[in-house]
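So the chains spell out like this:
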Amino acid sequence: MLAIMNKQDLLAKSLKLLDKKLPPAGVPEPRPVLEEVLYAIVREGYTTEGANAAFARFKGTFFDWNEVRVSTVPEIADALKGVPDAGRKAQRISEILQYVFEMYYSFDLTDLDKKGLKQAAKQLARFTGMTDFAVAWVIQRSLGGHALPLDEPTLRVMRRLGVIETEDEDLESIRGTLEHAVAKSAGQAFTDRIATLAATVCREGKPRCTDCLLKSDCPTGQDQGRRPPEPKPKPKSR
Ligand code: SF4
């Protein structure tokens, strides 16, 4: 079992390695709060590069957020073609825009954090269609707080690295551990780097540990290295 200090060291070392070897993540353009909410929905379970391209296409399809609000879910899903889980995400976007429109009579959420971050997080979590990932994303990217958005690919990498140790650990306690282990200043890099790792080598199914930068520190990677290579299939006799 990894102690909290070891988790901290492991994550710091992993991030350093990924930062050195992967292309620079680049500083994203700041987005208005509502736009960041909708971007987060698209980004969940996806890579930053994929989500950036998909979100730009999506925005370009509609005149404004009100046009998205009055569009049907299949129309929104069509504008999100290629995004994982596009149908469910379209439903969420439609619900969020409807909720914001009815609650604030505007799509401007600039004042969301005027009563503090905790209150802003509570308000965001109340939006119909919102996800835990999107709340944390907006706190991290728009509101200047320390929160780590955790989607399935991120959780998969954390399990394989041994940072999450049991299957039944709840999301709140995982978040607490990770937010303690990853400094606020490294939060965005953590989110982006781990998503890239998950999409390239630490994929769903069998990970490609031999090609992974973290293989010497990752228990799953070490375990894979100790296994004898899978036997090649015998040629069929004629
Ligand atoms: S070594 Fe393998 S399991 Fe570990 S992070 Fe890399 S790809 Fe994932």
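Residues numbered from 1 in each chain as written. Predicted model: local features only at pLDDT ≥ 70, side-chain atom pairs only at ≥ 80, totals over all residues. Heavy atoms only, no water.

What follows covers the domain arrangement of the chain. In terms of domains, the chain is made up of domain 1 (4–26 + 150–155 + 172–219) and domain 2 (33–141). Its C-alpha centre places domain 1 at a distance of 25 Å from the equivalent point of domain 2. Contacts between the two partners involve 12 residues from domain 1 and, on the opposite side, 13 residues from domain 2. Roughly 930 Å² is buried in total at the junction of domain 1 and domain 2, and carbon and sulfur atoms are behind 43% of that figure. Across the salt bridge formed by Arg43 and Asp192, the nearest N and O atoms sit 4.0 Å from each other. On the surface where domain 1 and domain 2 come into contact, there are six residue pairs in polar contact (both at pLDDT 80 or more). At the level of secondary structure, the elements contributing two or more residues to the side of domain 1 that touches domain 2 comprise helix H10 (171–181) and helix H11 (187–200). If one sorts the elements of the side of domain 1 that touches domain 2 by residue count, H11 sits on top with seven residues. Here the residues of the side of domain 1 that touches domain 2 sort into four nonpolar, four polar and four charged. (Domains from an automatic or database assignment. Contact = heavy atoms within 4.5 Å. Buried area = accessible area lost by both parts, 1.4 Å probe. Salt bridge = Lys/Arg side-chain N within 4 Å of Asp/Glu carboxyl O. Polar contact = N/O pair within 3.5 Å; in protein donor to acceptor, adjacent residues only side chain to side chain. Helix = DSSP H or I, 4+ residues; strand = E, 2+ residues; numbered from the N terminus. Nonpolar A, V, L, I, M, F, W, Y, C, P; charged D, E, K, R; others polar.)

With 43 residues, the main nonpolar core has Phe58, Leu80, Ile93, Ile96 and Leu124 as its most contacted residues. Mapped onto this core, the elements with two or more residues apiece are helix H2 (33–43), helix H3 (48–61), helix H4 (65–69), helix H5 (73–79), helix H6 (86–104), helix H7 (117–126) and helix H8 (132–141). Among residues more than four places away in sequence, those in contact with Ile96 are Leu34, Val37, Leu38, Ile41, Phe127, Thr128, Gly129 and Met130. One finds Leu18, Leu150, Ile194 and Val201 within the second-largest nonpolar core, a separate group that totals 25 residues. (Core = buried A, V, L, I, M, F, W, Y, C linked by side-chain atoms within 4.5 Å. Buried < 20%, exposed > 50% of the residue type's maximum accessible area, 1.4 Å probe, protein only.)

Take the environment of Leu117 next. Inspection of the secondary structure assignment puts Leu117 in helix H7. Judged by its relative accessible area of 35%, Leu117 is partly exposed. Remark: the alpha-carbon pair of Leu117 and Gly145, spanning 28 residues in sequence, is separated by 7.0 Å.

Here we take up empty space enclosed by the protein. Going through the model one piece at a time under the given rule, you end up with one cavity of 30 Å³ or more. Quantified by volume, the largest cavity comes out at close to 100 Å³. Around the largest cavity sit 14 residues that line it, and Arg160, Cys202, Cys209, Cys212 and Cys218 are the ones nearest its centre. Broken down by element, the residue count for the lining of the largest cavity peaks at three residues, all from helix H9 (residues 152–161). Residue composition of the lining of the largest cavity, by class: 10 nonpolar, one polar and three charged. (1 Å grid on protein atoms, 1.4 Å probe; cavity = no way out; pocket = protein on both sides within 12 Å on 5 of 7 lines; lining within 4 Å. Points joined across faces, edges and corners; volume = space filled by probe spheres on them.)

Moving on, we come to H11. The first and last C-alpha atoms of H11 sit 20 Å apart over 14 residues, in line with the 20 Å expected at 1.5 Å per residue. Regarding H11, the residues found buried are Gly187, Phe190, Thr191, Asp192, Arg193, Ile194, Ala195, Leu197 and Ala198. (Expected span 1.5 Å × (residues − 1).)

Here the focus is the pattern of salt bridges. As enumerated under the stated definition, the model contains 15 salt bridges in all. Between Arg43 and Asp151 there is a salt bridge, and its shortest N-O distance comes to 3.9 Å. Of this pair, Arg43 sits in helix H2 while Asp151 is found in the loop between H8 and H9, placing the two residues 108 residues apart along the sequence. Overall, the relative accessible area of 1% leaves Arg43 in the buried class. Across the salt bridge formed by Glu172 and Arg175, the nearest N and O atoms sit 3.9 Å from each other. Remark: Arg175 and Glu172 occur in helix H10; sequence separation between them is three residues, near one turn of the helix. For Glu172, a relative accessible area of 52% translates into the label exposed. Put simply, Arg43, Arg141, Asp151 and Asp192 are held in one network by salt bridges that share partners.

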